Amino acid sequence: MRHAEIAFAHGLISGTFVHEGDFAKLQEACGISLCPNGIFIVSIDRYPQRINEYPPSWPKEVGHALRETVANTMAREGVPTTCIWTEEGVLVVLFQMDHACGSQLLHTEARVTQTAKLLQHALAARDLAVSIGISALCAEPLQLRRAYQEALRAMSGRFFQGNQQLYRACDVQDVGVVPNPLRAEEKLELIARVKLGDVRGVSVLVPMILLRLAEDCQRKVEGFKSEVIDLLMQMSREVVNAGISAAEILSKNARFVHDLYQTIRYDTFVGHVLAYAQWLTSRVDTSRMSACSPVIRDALQYIHHHHQDPLTLDQIAKVACLSKYHLSHRFKQEVGLSVMDYVRRIRLEKAAFYLTSSTLSLQQIATLAGFSDANYFGRMFKKEYGCTPKAYRAAHAV
């Protein structure tokens, strides 16, 4: 009987009953009297984290407790149900609620929501925190596949809003993703920081960009995730262009993107993205500094992070805990350039990136790269690259 019930539920939420025949005949063949017209998706909060915090027997114990509580609560409410696991920690409840129309429809919908609340409270009493996605009621059972998809869409609100919530399909607005929501200046500055190996700068920018992006995407989860992953792929390409092993980056990208799409909480998502952006940037950072001593690495990292500031030799020496004379000697020995020549090199590298990746004015690029004087920037750029910034931009125009 349980096998027939599982097959019956699977057929409804997958839509495969449409290919098999008349619903009443299939219902009879399965020996099922239930005629479901609504769906709850009951998802255990923090399940991936909790499964690692408890003994191996916990998933089975919590699964039994969840099924038992759902069955008892729905029975007390006089709502016939059947349940099916669709993945670990997620139980789909197909229920049959008296379907009203006209003035009584709101009353029926209110009863559905109230039943979900009672279910949530009953599970909380057993130390089971859950979030519940609630479908709209169907006119007939073969529409349950659509109802299931609606409930899943409603559950996407959990990504931004958190746990122990009720998510109703009727509350989900179909808003479009804002075209090109990532502001060009933010994206360019982040990628420039990655190219410089500025881990600290990337650590500051990523959470700020993701927060504003979430707002610009109007909290539409799939659009938000797609934009973030596209940004990470651009960062990855720049890391590969910097000479880091493409095989290493691309293999890690594939695993990371798969895991990121499975992430169901905004805070966890941001943590994963930040860690990955730091890892990508550190690959550039390591390639630049692998042959340097710890004190010189400290100086280099300070320069990369503060390249837009009016740096002095005294400031950098203080960070490295060396006298400026000792720093100058060791820096030239390990890096091959004087401290201030290296500062100019980093600024010019960033300026070259902006010249080929943006339409910003030369004055704007000079400022972003850390040059207070555009004329001085132009002279230093020509000395380093053998042409003016304007000519460099024209030569590298796509």
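Conventions used here
- Residues numbered from 1 in each chain as written.
- Predicted model: local features only at pLDDT ≥ 70, side-chain atom pairs only at ≥ 80, totals over all residues.
- Heavy atoms only, no water.
- Helix = DSSP H or I, 4+ residues; strand = E, 2+ residues; numbered from the N terminus.
- Contact = heavy atoms within 4.5 Å.
- Areas by Shrake-Rupley, 256 points an atom, 1.4 Å probe, with all protein chains shown as cover.
- Lys, Arg positive; Asp, Glu negative; His and termini not counted.
- Charge placed at Lys NZ, Arg CZ, Asp CG, Glu CD.
- Salt bridge = Lys/Arg side-chain N within 4 Å of Asp/Glu carboxyl O.
- Buried < 20%, exposed > 50% of the residue type's maximum accessible area, 1.4 Å probe, protein only.
- Disulfide = S-S within 2.5 Å.
- 1 Å grid on protein atoms, 1.4 Å probe; cavity = no way out; pocket = protein on both sides within 12 Å on 5 of 7 lines; lining within 4 Å.
- Points joined across faces, edges and corners; volume = space filled by probe spheres on them.
- Polar contact = N/O pair within 3.5 Å; in protein donor to acceptor, adjacent residues only side chain to side chain.
- Pairing = 2+ DSSP bridges.
- Axes fitted to C-alpha atoms, helices over the stretch in contact; angles between N-to-C directions.
- Phe/Tyr/Trp six-rings, centres within 6.5 Å; stacked < 30°, edge-to-face > 60°.

Looking only at helices and strands, the chain has 19 helices and 5 strands in total. Overall, the chain is about 85 × 45 × 35 Å in size when its C-alpha atoms are taken along their principal axes. Of the contacts formed within the chain by residues at least 6 apart in sequence, a portion of 68% connects residues at least 24 apart. Surface accessibility of the chain: about 20,000 Å² in total, with carbon and sulfur atoms responsible for 53%. For the chain, the distance from the average position of its 44 positive side-chain charges to the average position of its 40 negative side-chain charges is 8 Å.

Glancing now at the pattern of salt bridges. Per the counting criterion, the structure on display carries 14 salt bridges. Between Asp45 and Arg158 there is a salt bridge, and its shortest N-O distance comes to 2.7 Å. With Asp45 in the loop between strand 1 (38-44) and helix 3 (47-53) and Arg158 in helix 7 (residues 158-161), this residue pair connects regions lying 113 residues apart in the sequence. Taking the shortest distance from any N to any O, the salt bridge between Arg344 and Asp341 comes out at 2.4 Å. Here the residue Arg344 and the residue Asp341 both occupy positions in helix 16 (residues 339-357), the gap between them amounting to 3 residues, near one helical turn. Note on Arg344: relative accessible area 24%, which makes it partly exposed. Connected via shared salt-bridge partners are Glu189, Arg193, Asp198 and Lys350.

On to the state of the cysteines, then. Within the structure shown, the criterion is met by 0 disulfides. As a non-bridged cysteine, Cys30 has Cys35 as the owner of its nearest cysteine sulfur, 13 Å distant. Given the relative accessible area of 19%, Cys30 is considered buried.

So, about empty space enclosed by the protein. Considering all chains together, one arrives at 1 cavity of 30 Å³ or more under this definition. The computed volume of the largest cavity comes to approximately 50 Å³. Taken together, Leu190, Val206, Ile209, Leu210, Val228, Leu231, Leu232, Met235, Val273 and Ala277 make up the full set of residues lining the largest cavity. Only helix 9 (199-216), helix 10 (221-241) and helix 12 (266-289) provide two or more residues apiece to the lining of the largest cavity.

What follows concerns the side chain of Ser135. As for its position among the elements, Ser135 is in the loop between strand 4 (130-134) and helix 6 (144-155). Ser135 sits in the buried class, given a relative accessible area of 5%. A polar atom in the side chain of Ser135 sits 3.0 Å from the backbone nitrogen of Ile39.

Glancing now at the sheet that holds strand 3 (residues 90-95). If you walk across this open sheet you meet the 5 strands as 2-3-1-4-5, and the pairing is mixed. Across the chains shown, the open sheet's two edge strands, defined by having one partner strand only, are strand 2 (81-87) and strand 5 (166-168). Direction aside, neighbouring strands of the sheet carry axes that sit 20 degrees apart on average. The pairing of strand 1 with strand 4 spans 5 bridges and is antiparallel. Pairing of Ser43 across the sheet is with Ser131, part of strand 4. Most of the contacts of helix 1 (residues 2-14) go to strand 2, to which it runs at about 70 degrees, and overall it touches strand 1, strand 2 and strand 3.

Under the counting rule described, the total for this entry stands at 22 aromatic pairs. With 5.9 Å between their ring centres and 55 degrees between their planes, Phe159 and Phe224 make a pair best called tilted. A residue pair is termed long-range when its members are at least 10 positions apart, and Phe159 in helix 7 and Phe224 in helix 10 qualify at 65 residues. Comparing Phe159 with Phe224, the two get one shared label, buried. Each ring, one from Phe160 and one from Tyr266, has its centre 5.5 Å from the other, and the planes form 40 degrees; the classification is tilted. Placement of the pair is Phe160 in helix 7 and Tyr266 in helix 12, with a sequence separation of 106 residues.

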